[in-house]
Amino acid sequence: MTDPLYRFTPWDHVVLGEKLRACRGAMMGLLAAAPPDSETSRIARETIAAVDRLRSEMDCHLQTTRSLRRDPRRLTPHIYAGQTHVSGCLASEAECELDDFAGWELED
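Summary of the structure given here. Bear in mind that the values here come from a model prediction, so they are computed numbers and not experimental data.

Notes on helix H1 (residues 10-33)
Counting along an α-helix, one turn takes 3.6 residues, and residues three or four places apart therefore face a common direction. Spanning 24 residues, H1 covers 35 Å between terminal C-alpha atoms, matching the ideal 34 Å at 1.5 Å per step. Residues of H1 that are buried include every one of Pro10, His13, Val14, Gly17, Glu18, Leu20, Arg21 and Met27, and no others. The secondary structure elements touched by the buried residues of H1 are helix H2 (39-65), helix H3 (76-80), strand E1 (86-88) and strand E2 (104-106).

Right, here's the structure in full:
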């Protein structure tokens, strides 16, 4: 039986990684504003832990399904981890044939 996560393209991973990082950032903001002993704070902490577990699981999946030779700029470690953002850029067809993440670059 084929792993259904194999249908995730590099594009899907980049977009999902950005959204999960944004979600975590929003929850951290909520956690900072909520009283520490409130139900809201408890739920925010649980949500952050769940988002971190999901990011870790998706990162493992990405690492095992993408060939290193298809990632010459080594962007894979930055998709789900860290604070670095990935943004779209122009790429030629030839670049896309050699690089799964040709249409993406790390933001400074």
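Once you've had a look at it, read on.
As for unusual backbone geometry
Even without glycine at this site, Arg74 takes up a positive phi of about 55 degrees. Note that Arg74 resides in the loop between H2 and H3.

Comments concerning H2
The end-to-end C-alpha distance of H2 is 39 Å, a good match for the 39 Å that 27 residues give at a rise of 1.5 Å each. For H2, the set of buried residues is Ser41, Ala44, Ile48, Val51, Arg55, Met58, Asp59, His61, Leu62 and Thr65. In this structure, the buried residues of H2 make contact with H1 and H3.

Analysis parameters
- Residues numbered from 1 in each chain as written.
- Predicted model: local features only at pLDDT ≥ 70, side-chain atom pairs only at ≥ 80, totals over all residues.
- Heavy atoms only, no water.
- Helix = DSSP H or I, 4+ residues; strand = E, 2+ residues; numbered from the N terminus.
- Expected span 1.5 Å × (residues − 1).
- Buried < 20%, exposed > 50% of the residue type's maximum accessible area, 1.4 Å probe, protein only.
- Contact = heavy atoms within 4.5 Å.

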